[in-house]
Amino acid sequence: MRHSRFSIIVISVVLFIVLSAGAGSAASEALKGTEQEINSAISHQTSPVISGDYIVWQDERNGNWDIYLYDMSVGMTETALFTGSKDEIEPAISGNRIVFSDDNRGNYDIYLYDLDSEVKTQVTEDRTDQEEPAISGNYIVWTDRRNQNTDIYMYDISSEKETQITTDKADQIQPAISGNIIVWKDTRNGNDDIYMYDISTGKESPVVTDPASQTNPVIEGNYIVWEDRRAGNLDIYMYDISSGKTTPICVDPAPQKTPAISDGRIVWADGRIKGTTIFIYDIATGQEKIVSTSSEYESNPAIDGNRIVWQDKRKGTMDIYMFTEEGYETDATAGGEMGDDAGAKESPLGIFPVSAAVIAAYFIVSSGKNRRRKL
């Protein structure tokens, strides 16, 4: 009995210390910088992406979806790239190249637009839908319906060659690409898993095949990040290709969704505070911060360097906002390995940067084992 009381006291003290130390982490300090509105035209502006001085989004102000550009290098000017009567949606950007889906032929095709030459090029010609484009350097990937199910295809800009990446009869959607690695959401196992394909080797392999749902993968270098439901709600997880290690980045009863990654830093829309707000996590330091709490309706973030953009409904319709971080310096090389003192570090207690509720549950389960109690 004395031993049980002593264990409970020790557990209580340790839990108090952990929760006290984690209180600042749970509250998350604010990222230092300035926030500004990029666009607040009538109707919705959604799906922002950013590369260098360019912010691109899809815009409904003309009664259909068009692609707009905001250039910070020339006096912060906004330009309508395409304003036809058909829809242009789902923009992605890499350097000076923009890809998007265009239904001007009555089905969605993938197009490429070069900002330097101002040349628009049709990439796909099949009469079924090609959507969800992503781009990295010379490679464009997308989802393709030409085989009845949805597959991942790739186009090499330099060789003008198209390649079918996936051939499984189940659906493969939500592609993302960085360098030679393509990732996507895959349903071949009867639930949503994450798979990857190495262009240089031609090898396909699973990233995570947990029975729960894993969705919305993004990638930079060796880091693959996604939404994960294994704890019963949407959390953020990461896989390091070089080490083969999976790390929970944020596990909390509130939802964390739509992650993006740049320079070893992950952003996402988070439901811990009222509504949804934007959070950021630094892989090298293991530190989480709040980007913005100015609105309860922040979602779909993107990041490049010290600039973070998102769509925001604080004025009643979706607008584009940007946060510029002060004094930002790259702390981690994209795709670098996580060392002993870097990344989402495990504490001596084996606890990752999760919520106080999850830590409490961990201790209750651990202490309860000796008394045959179940949580």
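The annotation that UniProt attaches to the protein chain under Sequence similarities (unreviewed entry) is "Belongs to the TolB family."

Notes on the packing of aromatic side chains
If you walk through the whole model with that rule in mind, you get 8 aromatic pairs. Ring geometry for F82 and F100: centres 4.7 Å apart, planes at 35°, overall tilted. Of this pair, F82 sits in strand β5 (residues 77-82) while F100 sits in strand β7 (residues 97-102), and the two are 18 residues apart along the sequence. Both residues of the pair, F82 and F100, count as buried. Seen in terms of ring centroids, W310 and Y321 are 6.4 Å apart; in terms of plane orientation they differ by 15°. Their pairing is stacked. Of this pair, W310 sits in strand β27 (residues 307-312) while Y321 is found in strand β28 (residues 319-325), placing the two residues 11 residues apart along the sequence. A residue is classified by how much of its surface remains accessible, and W310, at 0% relative accessible area, is buried.

Let's talk about the side chain of T46
Within the element layout of this structure, T46 appears in strand β2 (residues 45-51). Sequence-distant contacts of T46, defined by excluding residues within four places in its chain, comprise W57, Q58, W65, Q311, M318 and I320.

What about unusual backbone geometry?
Even without a glycine there, the phi angle at N216 is positive, about 50°. By the secondary structure assignment, N216 is in strand β18 (residues 214-220). Although it is not a glycine, N300 sits at a positive phi angle of roughly 55°. Looking at the secondary structure, you find N300 in strand β26 (residues 298-304).

Some remarks on the pairing of strand β25 (residues 287-292)
For strand β24 (residues 277-282) and β25, the ladder comprises 5 bridges, and the chain directions are antiparallel. Opposite D282, over in β25, you have Q287 as the bridge partner. Two successive antiparallel strands, β24 and β25, enclose a turn made up of 4 residues, where G286 displays a positive phi of approximately 70°.

With respect to the sheet that holds β27
Strand order across the open sheet formed by 4 strands is β1-β28-β27-β26, with antiparallel pairing between neighbours. Because the sheet does not close on itself, it has two edges, and the strands there are β1 (33-39) and β26. Taken over all neighbouring pairs, the strand axes of this sheet differ in orientation by 25° on average, direction set aside. Direction of pairing for β1 relative to β28: antiparallel, over a ladder of 6 bridges. What sits directly across from E37, in β28, is Y321.

Let's talk about the sheet that holds β18
Spatially, 4 strands are ordered β18-β19-β20-β21 in an open sheet, and the strand pairing comes out antiparallel. Strands with a single pairing partner mark the edges of an open sheet, and in this sheet they are β18 and β21 (245-250). Taking the axes of each pair of neighbouring strands and ignoring which way they run, one obtains an average angle of 25° across the sheet. Strand direction decides the pairing type here: strand β19 (residues 223-228) and strand β20 (residues 235-240), joined by 6 bridges, are antiparallel. By the bridge assignment, E227 is partnered in β20 with I236.

Analysis parameters
Residues numbered from 1 in each chain as written. Predicted model: local features only at pLDDT ≥ 70, side-chain atom pairs only at ≥ 80, totals over all residues. Heavy atoms only, no water. UniProt positions renumbered as here; feature names shortened; annotations may be inferred. Phe/Tyr/Trp six-rings, centres within 6.5 Å; stacked < 30°, edge-to-face > 60°. Helix = DSSP H or I, 4+ residues; strand = E, 2+ residues; numbered from the N terminus. Buried < 20%, exposed > 50% of the residue type's maximum accessible area, 1.4 Å probe, protein only. Contact = heavy atoms within 4.5 Å. Pairing = 2+ DSSP bridges. Axes fitted to C-alpha atoms, helices over the stretch in contact; angles between N-to-C directions.

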